[in-house]
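In case you want the letters, here they are:
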Amino acid sequence: MIDYQNILDTIALSCSTSKEKGKIANYIPELAKVESSKFGIHLVDSAMNNFSAGDADEHFSIQSISKVLSLAHAMSLVGEEIWKRVDVEPSGDPFNHLSLLEFENGIPRNPLINAGAIVISDILVSNLENPKTDFLNYVHMLTNDSSIVYDLDVAKSEKETGFRNYAAANLLKSYGNLNNDVETVLDFYFHQCSLAMSCAQLTKAFYIFMNKGVCQQGKTHLTIQQEKRINALMLTCGFYDEAGEFAFEVGLPGKSGVGGGIVALLPGKYCVATWSPGLNPKGNSKLGMEALEKLTTATEQSIF
Ligand code: GLU
């Protein structure tokens, strides 16, 4: 039996005393207000035992981690139709890059880069009656936690500065790959990214991806094939242009966000989330990546 608590305590101690913490994202001004010294880690195993260390219950902006949840919701609503509008290849480019989108005629490389996630937002806007409320309810259902909310200050801050996302959405529209108007879709997208969650809440939400589509309450949300597809996308596209490095160092499917969160999972075994707001030059949490490398090294478990 692996002593997860002891491993997490050791990781949290070494991360919280680390001097090199990376750089907090400030292109969304509201994100820059977070304290750089924060570090949290939470792990839930398949039997729903919970282990945590540091600031694991503190809420932070999950940003791009939300793209996995919106994708899961869209897949359960419209199924394979999605792949007519979004590809499934790693981009090797930063999350907000636009040149490939033009080069490939408005079909985003994958649903986890911004352009792809904006198409997924468009699908949700078309298929949900009250998109923002319904998506929040979906997250409440996955986590069994109705205290989770959008951070409206973060959503507003991104709306005021999201010029590249406006460019991406307009480009998608010009190629006929956005059915709703740009404002409506981006309003949804900015809210989705602003979800404020803790490491502990994130592991509850992502439990379905390590448990064959079934949440902690025993309800099935995804088919086994859909869960396979989402984990494959996380592994190949979940870390901007550093997905190879994450697979190399950590060896788990996962997703990061510019708020400094990372969620990763070992199918059938555990789901883990880390939070440290300082990012490395590729936009992934510096200490979060180091913590997960230490976890898979100490446990001698990964998907490989
Ligand atoms: N809302 C952010 C953006 O679109 C998400 C970035 C991220 O976490 O990768 O710029």
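Counting from 1, residues in each chain are numbered in the order their sequence is written. Where totals are concerned, whole chains, interfaces and linings use all residues; where local detail is concerned, this predicted model gives features only for residues with pLDDT of at least 70, and gives and counts side-chain atom pairs only at 80 or more. For the side-chain quantities, the full set of heavy atoms in the structure was used; hydrogens and water were omitted.

## Remarks on the overall build of the protein chain
We apply this condition: Working definition: helices are DSSP H or I runs of at least four residues, strands are E runs of at least two. Numbering for both runs from the N terminus. The atom set for the radius of gyration is the C-alpha atoms, and the globule formula is 2.2 Å times the number of residues raised to the power 0.38. Remark: exposure states derive from per-residue accessible area (1.4 Å probe, protein chains only) relative to the maximum for the residue type, with buried under 20%, exposed over 50%, and partly exposed in between. The criterion used for residue contact is that any of the two residues' heavy atoms lie within 4.5 Å. All accessible areas in this document rest on Shrake-Rupley with a 1.4 Å probe, and a residue is counted as covered only by the protein chains that are shown. All tallies of charge rest on Lys and Arg as positive and Asp and Glu as negative; His and the ends of each chain are not included. By convention, the point assigned to a charge is CZ for Arg, NZ for Lys, CD for Glu and CG for Asp.
Along the protein chain, the regular secondary structure elements total 13 helices and 10 strands. Whereas a compact globule of 304 residues would reach a radius of gyration of roughly 19 Å, the protein chain reaches 18 Å, a difference of no more than 12%. Dimensions of the protein chain, computed from C-alpha atoms along their principal axes, come out at roughly 55 × 40 × 35 Å. Classification of the 304 residues of the protein chain by burial places 58% in the buried group. Taking contacts inside the protein chain between residues at least 6 apart in sequence as the whole, the part at least 24 apart equals 68%. With the model as given, the accessible surface of the protein chain reaches about 12,000 Å², and the carbon-plus-sulfur share is 52%. Averaged over its 24 positive side-chain charges, the protein chain has a centre that lies 1 Å from the centre of its 35 negative ones.

## Remarks on the packing of helix H2 (residues 66-78) against helix H11 (residues 224-237)
Formally: Axes, fitted as lines to C-alpha atoms, cover a helix only where it is in contact. Angles between the N-to-C directions of the axes lie from 0 to 180 degrees. Comment on the angle field: the value is read as roughly parallel under 35 degrees, roughly antiparallel over 145, roughly perpendicular from 65 to 115, and oblique elsewhere. Crossing chirality is assigned from the near helix's rotation relative to the far helix, an anticlockwise turn below a right angle marking it left-handed and a clockwise turn marking it right-handed. All residues other than Ala, Val, Leu, Ile, Met, Phe, Trp, Tyr, Cys, Pro, Asp, Glu, Lys and Arg, Gly among them, are scored as polar; the first ten of these are nonpolar and the last four charged.
At their nearest, the axes of H2 and H11 sit 11 Å apart, and the two run at 150 degrees to each other. Between H2 and H11, the angle is such that the two are roughly antiparallel. H11 is crossed by H2, and the crossing has right-handed handedness. Contacts between H2 and H11 involve Val-68, Leu-71, Ala-72, Met-75 and Ser-76 from the former and Gln-226, Arg-229, Ile-230, Leu-233 and Met-234 from the latter. Along the lines of polarity and charge, the residues of the contact of H2 with H11 split into 7 nonpolar, 2 polar and 1 charged.

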